[in-house]
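Structure assessment
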Amino acid sequence: MVKGNHQGQILRDHKKVGKKFIPPLMQLPNMKEMSFRDNTLPCLIWLSAIFLRNPDRQSVHYVIEFLVRCKDILDDDKSPALVFLNNFDKLTAEQKRRILDGIENQAVLNFLRESLVHQYHLLEDYPLDFLFEDYTYGVDKEEALEQLREDVSALLDRYTMHSTKVQTTAFVSMVATGKLFLSSAIDLPDFNSIFTVPDSEESKRVASFVRANINVGAGFQDAEGGENEWSKSFWSQCFDLEACS
């Protein structure tokens, strides 16, 4: 009985089409589904690295602060959702320079560099490479490769708690930066529950909601993490790196 009530809450805003339940955001016009692994995973790989090696609270805080700061610096309603790595490739060199110069909190910049230096070291045309300008570092290639393997493998199963934290943070960041607007008619779950009470029914509701909608939020007019050259390049580079290891 409890299970039935819980399922009803999760699916309350879904539209039934045949045997399928369509999540609220998929009911919007011009929406399309995409492969999480092929398209979205490479765009969220930076969040995977951050959550693997830092406390949840610190990870969420610095990621959201960084993305909100980017939004404020660019001050452009048409700028894409930068939680998806490929969207940094849509920015000009001047915009990237403004972001780097405009990060007033050095702790945020240090946090990002220390968490992501192995990806920067290994991957060509890394979308966040501008953050490492004039940054001196020492990285063992084999150790960096092992970390990248962990970043990928931890995100391959989007139903794990790690993947759910990444997807939830991405979803919330789009709302926080005004790239995603949620109707008051949607019965929203408590997103904090993923971190505060991960084994709760409310946490399961968050996980279901985010999984149903993250790819949709990532696909507005192919500008928020959908089909993109970065994802293709990422998987190609991963194949080459494994072949050489």
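Look a little higher up for the structure.
To keep things clear, this report deals only with the structure shown in the data block. Keep in mind it's a predicted model, so treat the numbers as computed, not measured.

This brings us to the overall build of the protein. Helix and strand content of the protein: ten helices and two strands. Residue burial in the protein is summarised as follows: out of 245 residues, 49% are buried. Counting only contacts in the protein whose residues sit at least 6 apart along the sequence, the fraction spanning at least 24 positions is 68%. Per element, the accessible surface of the protein, about 12,400 Å² overall, is 50% carbon and sulfur.

Let us look at the side chain of Ser48. Examined against the element boundaries, Ser48 turns out to sit in helix α2 (residues 36–53). The residues contacting Ser48, other than those within four sequence positions of it, are Asp151, Ala154, Leu155, His162 and Val166.

Evaluation of the coordinates by the stated rule reveals 15 aromatic pairs. Pairwise contacts between aromatic rings join Trp46, Phe66, Phe88 and Phe130 into one cluster.

Right, let's talk about α2 for a bit. Approximately 50° is the largest bend angle found in α2, and it occurs at Pro42. With 14 of 18 residues buried, α2 is to be regarded as a mostly interior element.

Moving on: the pattern of salt bridges. Per the counting criterion, the structure on display carries 13 salt bridges. Among the ionic pairs, Glu202 bridges to Arg205, the shortest N-O distance being 3.7 Å. Of this pair, Glu202 and Arg205 both sit in helix α9 (residues 201–217), three residues apart, which is roughly one turn of that helix. We note a salt bridge from Lys232 to Glu229, for which the minimum N-O separation is 3.7 Å. Taken as a pair, Lys232 and Glu229 lie in helix α10 (residues 229–244) at a separation of three residues, close to a single helical turn. Bridged by salt links that share partners, the residues Arg53, Glu150 and Asp151 form one connected network.

Calculation notes
- Residues numbered from 1 in each chain as written.
- Predicted model: local features only at pLDDT ≥ 70, side-chain atom pairs only at ≥ 80, totals over all residues.
- Heavy atoms only, no water.
- Helix = DSSP H or I, 4+ residues; strand = E, 2+ residues; numbered from the N terminus.
- Buried < 20%, exposed > 50% of the residue type's maximum accessible area, 1.4 Å probe, protein only.
- Contact = heavy atoms within 4.5 Å.
- Areas by Shrake-Rupley, 256 points an atom, 1.4 Å probe, with all protein chains shown as cover.
- Phe/Tyr/Trp six-rings, centres within 6.5 Å; stacked < 30°, edge-to-face > 60°.
- Bend = angle between axes of the 7 residues up to and from the residue.
- Salt bridge = Lys/Arg side-chain N within 4 Å of Asp/Glu carboxyl O.

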